[in-house]
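# Survey of secondary and tertiary structure
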Number of protein chains: 4
Amino acid sequence: MTRATVWNEFRHEREHDQVAEIYPDGIHVTIAEALEERGIDAETATLDEPEHGLPEDTLDDTDVLLWWGHDAHEEVSEAVVDRVQDRVLAGMGLVVLHSGHFSKPFRRLMGTSGTLRWREAAETERLWTVNPGHPIADGVGEYFEVDEAEMYGEPFDIPAPDELVFTSWFEGGEVFRSGCCFYRGNGRLFYFRPGHETYPVYHDETVQRVLGNAVEWAADGSDAPAPGVENVDPIEPIDTDDDRSVH
Amino acid sequence: MTRATVWNEFRHEREHDQVAEIYPDGIHVTIAEALEERGIDAETATLDEPEHGLPEDTLDDTDVLLWWGHDAHEEVSEAVVDRVQDRVLAGMGLVVLHSGHFSKPFRRLMGTSGTLRWREAAETERLWTVNPGHPIADGVGEYFEVDEAEMYGEPFDIPAPDELVFTSWFEGGEVFRSGCCFYRGNGRLFYFRPGHETYPVYHDETVQRVLGNAVEWAADGSDAPAPGVENVDPIEPIDTDDDRSVH
Amino acid sequence: MTRATVWNEFRHEREHDQVAEIYPDGIHVTIAEALEERGIDAETATLDEPEHGLPEDTLDDTDVLLWWGHDAHEEVSEAVVDRVQDRVLAGMGLVVLHSGHFSKPFRRLMGTSGTLRWREAAETERLWTVNPGHPIADGVGEYFEVDEAEMYGEPFDIPAPDELVFTSWFEGGEVFRSGCCFYRGNGRLFYFRPGHETYPVYHDETVQRVLGNAVEWAADGSDAPAPGVENVDPIEPIDTDDDRSVH
Amino acid sequence: MTRATVWNEFRHEREHDQVAEIYPDGIHVTIAEALEERGIDAETATLDEPEHGLPEDTLDDTDVLLWWGHDAHEEVSEAVVDRVQDRVLAGMGLVVLHSGHFSKPFRRLMGTSGTLRWREAAETERLWTVNPGHPIADGVGEYFEVDEAEMYGEPFDIPAPDELVFTSWFEGGEVFRSGCCFYRGNGRLFYFRPGHETYPVYHDETVQRVLGNAVEWAADGSDAPAPGVENVDPIEPIDTDDDRSVH
């Protein structure tokens, strides 16, 4: 059974009535419940818990980590970012949500700035499936809509995705690569654009289906040894004994 | 005229006679002289200069930065790494050499660990051109050899290269992706494997040709604005005035 | 000096007054004139010439071939398609325009069907630069518009582009990967979406700039030998004389 | 249960005693038996059967087609190649083996020539796992060896693989991208290098494991509709009734 941990900054929900109305227990709980219905074992963790709720043993038990953050990216400790990066390279899946494009784990694993254009105007977003055969698009159809979306527009400063699944059309005139797969080390990373805290995006059935698909795709990692450095003997004979090493 | 800055840790040459014999003025000077012969305006910078020789105005005047480091990666300040990353995303080229696979700028821009297998046994390396049409392979032929090489073997923990130019065969039995192109932001990055300090690799004519090709390829950057974040007005009319922002 | 050959089916212009009004001498002449102003040596060729205007010696003198076809794809001979494919693999550039997504050379080089959704409703297309540092986007800005466009929508059945430069937003609600780079053999291929025959798209200054950029990018090919098959002797000694070949 | 069809030219085995000794019932039967042990439902088909053993209803029942051909590529009918291409684009998996690099289905789906260098000298091949987290590398370890291999060397004229899993080292001094994944339409294609008819390569346990992994990976296709062309109505209102279509 796939084990997911849904991480949430969990500040907006406690500070803004408007957000609390949509996500009374927090975005993480809404997402975790949706994953549970899908048959995924989903736990939660939040910023203000010790070690942000992500101690070593929690990550040991996590196949896929989902990450929602927005206003407090800088409060995430480097130690936890190191830990998340190491785990991803060793095979853990990571699903980065919406404003997580500026989160430390995402920027760390991308090596780019994650910058983009944006606007908050409750406009229509239509996500087109540009890769219909991809497992993350399973059952989604040719497109789906988010009625009230915060807009993110190109250029989005990321490495070229290894696989592009969705591209968004926005009512106000922009486009965005909104479902992007990356392979890093033994791990799999999916960035999924929708999800602003003031709109009920994570209650949407198709959004929940994509999240479930993404968790299952990202969990399909590897038991291969984590990347490491090793000084090795030759397999074939070498014709010289000339070793001028300064090591 | 392309302006290159060749950065070198410049420690081995001052501490080991064996290295000093091969590179009496430092690896950076040997490389810079080879680039100058190619018609590239090449300056140098080293770790122990103020700001590691890479103050803002030096990077402002640099089209392509070359990076050689080995033993003192950890001494490079985060401020300089930030600066290099920002410049690459804004369009500066970066050519990372040999043991630079563990350098801070490379790991920062890759998001991976850069780990690999290695052995120092003065063995033959044969670099095969797997992408003969690539500008960096221009004039190189189907393969070239380094007589005495430190071996680096797969798996090499990097994102899949956007373009793979060379793959190495080693006498001792390993293979390695030894010429790898990456696009990050507006910038271009090339990783080139050969170049151990105890072997006269950078005096080799074909290696020098590859370095020249790589600098010219990486310099062919962009005057586009650097990636940035921007709050923008809609281009098309939006049918709702519903804005429940908490910003 | 870069030598381009602009190929056109050249039927619509002779059969439909509406098209003839926009392109009195044919789409190929309008495009060739724009390339000439850019400093590119541009010739033309059309379907109804002998060998479709593309005999061996014409392709020998061509750095980049541009291809516009729509209604008569099936009339293009396999011999000419073979020739174009061979030349691209040997290093010639190819720029495929608009309805050329269904042309024989494009489908041959892609290996996919080239299918897409479409609509002809003179709607607004806005092409976003998703890769601002790419040479084909040089001088284009963050986006440009085509006022009256035939719509092409995703999914577009192509291999994942090696580089994605533009993505289109359409007034009617769709998106499309509208500027796609592919490397095949030693050659470079660019697919550019705009260009319906009943709209004056190729008279547009930005469209002309993209075409010029694309020709220069695609011409930056290689003098490397064309891909070939070769039976070779070993470079290193082989420890067995066991050769049970049936050849 | 995954259904595989193993296609074989099946000529060498009937014409050369040396090959018949290794594969008395044909390469296809040896591979099919190995897949059956893995729990895959494996049927076979050969060149000299009607429609090469690949009528419509056989392909309808096939999740993954494996393809071994060598001397008689030209005898495969265009109709069957069309059919295989269509099925792959619609979601069928395809695993192309060894000398199949020159087969019609492979060249059709790649768009390139498939040329390479080669030598038949019963030399050692060592396949390195360059992507340890990939499902096709599952259980394979850091490398595996084929004791007596025909050599294939770079450059290999293929599009850049969407995922590179294995790279080969050859005793005679060459390298080769020997495990390459491609996505085309809804389908998945894997090229696997080992497998010469005069060496007992397909009896090897690790090779059989890779084939099983590859079939399972390639079968993980999609129930999405096959790519198609469609004339569609706008989703959003369009501000013009100007339709100057010549259709």
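Residues numbered from 1 in each chain as written. Chains lettered and ligands numbered in written order. Predicted model: local features only at pLDDT ≥ 70, side-chain atom pairs only at ≥ 80, totals over all residues.

### Some details on the overall build of chain A
- Assigned secondary structure in chain A consists of seven helices and 10 strands.
- Computed over its C-alpha atoms, the radius of gyration of chain A comes to 20 Å, within 12% of the 18 Å expected for a compact globule of 247 residues.
- The buried share among the 247 residues of chain A stands at 61%.
- Counting only contacts in chain A whose residues sit at least 6 apart along the sequence, the fraction spanning at least 24 positions is 71%. (Helix = DSSP H or I, 4+ residues; strand = E, 2+ residues; numbered from the N terminus. Rg over C-alpha atoms; globule rule 2.2 N^0.38 Å. Buried ≥ 20, exposed ≤ 12 C-beta atoms within 10 Å, placed from the backbone. Contact = placed C-beta atoms within 7 Å.)

### Quick look at the confidence of the model for chain A
- Looking at chain A, pLDDT values average 94 and 97% of them are 70 or higher.
- Note that pLDDT drops below 50 for residues 242–247 of chain A; the model gives that stretch 17 contacts with residues more than four away or on any other chain. (pLDDT = per-residue confidence, 0-100.)

### A closer look at the relation of the copies chain A and chain B
- Note on the copies: chain A fits chain B at an RMSD of 0.0 Å, the axial shift is 0.0 Å, and the rotation between them is 180 degrees. Taken together, the rotation and translation relating the two chain copies correspond to the operation of a two-fold axis. Rotation axis and chain A: the residue whose C-alpha lies nearest the axis is Gly-111 of chain A, separated from it by 2.6 Å.
- Taken together, the interface assignments show that 100% of the residues at the interface of chain A recur at the interface of chain B, consistent with an identical surface on both copies. (Least-squares fit on C-alpha atoms with pLDDT ≥ 70 in both.)

### Concerning the environment of Phe-170 of chain D
Residues and elements named next belong to chain D.
- Looking at the element boundaries, Phe-170 is found in strand 7 (residues 163–170).
- Residue Phe-170 is classed as buried on the basis of its C-beta count, with 27 C-beta atoms lying within 10 Å.
- Excluding its chain neighbours within four sequence positions, the residues that come into contact with Phe-170 are Glu-123, Glu-125, Met-151 and Gly-153.

### Remarks on helix 3 (residues 27–37) of chain C
Residues and elements named next belong to chain C.
- Of the positions making up helix 3, those classed as buried are Ile-27, His-28, Thr-30, Ile-31, Ala-32, Ala-34 and Leu-35.
- Against the buried residues of helix 3 lie strand 1 (3–8), helix 1 (12–15), strand 2 (41–46), strand 3 (64–68) and helix 7 (205–219).
- In the segment just after helix 3, Gly-39 is the residue with positive phi, at about 95 degrees.

### A word on the nonpolar core
- Counting residues in hydrophobic clusters, the biggest one holds 152 residues, and the most contacted among them are Leu-66 and Val-95 of chain A together with Leu-66 and Val-95 of chain C.
- Leave out the neighbours within four places in its chain, and Leu-66 of chain C touches Ala-4, Val-6, Trp-7, Ile-31, Val-95 and Leu-97 of chain C.
- Counting 148 residues, the second-largest nonpolar core is a separate cluster that includes Tyr-143 and Val-215 of chain B together with Met-151 and Leu-189 of chain D. (Core = buried A, V, L, I, M, F, W, Y, C linked by C-beta atoms within 7 Å.)

### Re the relation of the copies chain C and chain A
- Under the fitted operation, chain C is carried onto chain A by 0.0 Å of movement along the axis and a turn of 180 degrees, and the coordinates agree to an RMSD of 0.0 Å.
- By residue overlap, the copies meet face to face through one surface: 100% of the interface positions of chain C are interface positions in chain A.

### So, the packing of helix 3 of chain C against helix 7 of chain C
Residues and elements named next belong to chain C.
- Running from N to C, helix 3 and helix 7 point in directions that differ by 70 degrees, and their axes come no closer than 10 Å. With respect to their mutual orientation, helix 3 and helix 7 come out roughly perpendicular. Seen from helix 3, the contacting residues are Ile-31, Ala-34 and Leu-35; seen from helix 7, they are Gln-208, Leu-211, Gly-212 and Val-215.
- Here the contact of helix 3 with helix 7 is composed, by residue class, of five nonpolar, two polar and no charged. (Axes fitted to C-alpha atoms, helices over the stretch in contact; angles between N-to-C directions. Parallel < 35°, antiparallel > 145°, perpendicular 65-115°, else oblique. Nonpolar A, V, L, I, M, F, W, Y, C, P; charged D, E, K, R; others polar.)

### Quick look at unusual backbone geometry
- Following Glu-154 of chain A, the chain continues into Pro-155 of chain A via a peptide bond in cis, with omega recorded as 0 degrees.
- Not every positive phi belongs to a glycine, and Ala-122 of chain B is a case in point at roughly 50 degrees.
- Along the chain, the position of Ala-122 of chain B falls in strand 5 (residues 117–129).
- Backbone geometry at Phe-10 of chain C places phi at a positive 55 degrees, although glycine is not the residue there.

### What about the interface of chain C and chain A?
- Facing the 13 residues of chain C at the interface are 13 residues of chain A.
- Of all the elements in the fold, those that place two or more residues in the side of chain C that touches chain A are strand 5 (117–129), strand 7 (163–170) and strand 8 (175–184) of chain C.
- It is strand 5 of chain C that provides the largest number of residues to the side of chain C that touches chain A, a total of three residues.
- Tallied by class, the residues present in the side of chain C that touches chain A amount to six nonpolar, three polar and four charged.

### Focus: the interface of chain A and chain B
- The partner chain B presents 53 residues to the 52 residues of chain A that form the contact.
- Where the side of chain A that touches chain B is concerned, the elements lending two or more residues are helix 2 (17–22), helix 6 (104–110), strand 5 (117–129), strand 6 (143–153), strand 8 (175–184) and strand 10 (230–231) of chain A.
- The leading source of residues in the side of chain A that touches chain B is strand 5 of chain A, at seven residues.
- Taken together, the residues of the side of chain A that touches chain B break down into 19 nonpolar, 17 polar and 16 charged.
- Of the pairings in the sheet, the one linking strand 10 of chain A to strand 5 of chain B comprises two bridges and is parallel in character. Bridge assignment links Asn-231 of chain A to a residue of strand 5 of chain B, and that residue is Trp-118 of chain B. (Pairing = 2+ DSSP bridges.)

### Side note on helix 5 (residues 78–89) of chain C
All names here are of chain C.
- Taking 1.5 Å per residue, 12 residues should reach 16 Å; helix 5 reaches 16 Å between its end C-alpha atoms and fits that length.
- Every buried residue of helix 5 is accounted for by Val-80, Val-84, Gln-85, Arg-87, Val-88 and Leu-89.
- Taken together, the buried residues of helix 5 touch helix 4 (56–60), strand 3, strand 4 (93–97), helix 6 (104–110), strand 8 and strand 9 (187–192).
- Of the residues one or two after helix 5, Gly-91 is the one with positive phi, at around 125 degrees. (Expected span 1.5 Å × (residues − 1).)

### Considering the environment of Glu-36 of chain C
- Along the chain, the position of Glu-36 of chain C falls in helix 3.
- Classification of Glu-36 of chain C by C-beta neighbours within 10 Å gives partly exposed; the count is 13.

### Notes on the pairing of strand 8 of chain A
Residue and element names in this part refer to chain A.
- The buried fraction of strand 8 is high, at nine of 10 residues.
- By the bridge criterion, six bridges tie strand 7 (residues 163–170) to strand 8 in an arrangement that is antiparallel. Counterpart to Leu-164 in the pairing with strand 8 is Cys-180.
- Two successive antiparallel strands, strand 7 and strand 8, enclose a turn made up of four residues, where Gly-173 displays a positive phi of approximately 120 degrees.
- Both strand 8 and strand 9 (residues 187–192) contribute to a ladder of six bridges, which runs antiparallel. Note that in strand 9 the partner of Arg-184 across the bridge is Gly-187.
- Connecting strand 8 to the antiparallel partner strand 9 that follows it, the hairpin turn spans two residues, and Gly-185 within it adopts a positive phi of roughly 55 degrees.

### Overview of the environment of Glu-145 of chain C
All names here are of chain C.
- With respect to the helices, strands and loops of the structure, Glu-145 is situated in strand 6 (residues 143–153).
- Separated by 24 residues in the primary sequence, Glu-145 and Trp-169 place their C-alpha atoms 9.4 Å from one another.
- In this structure Glu-145 touches Thr-124, Glu-125 and Arg-126, once residues within four positions along its chain are discounted.

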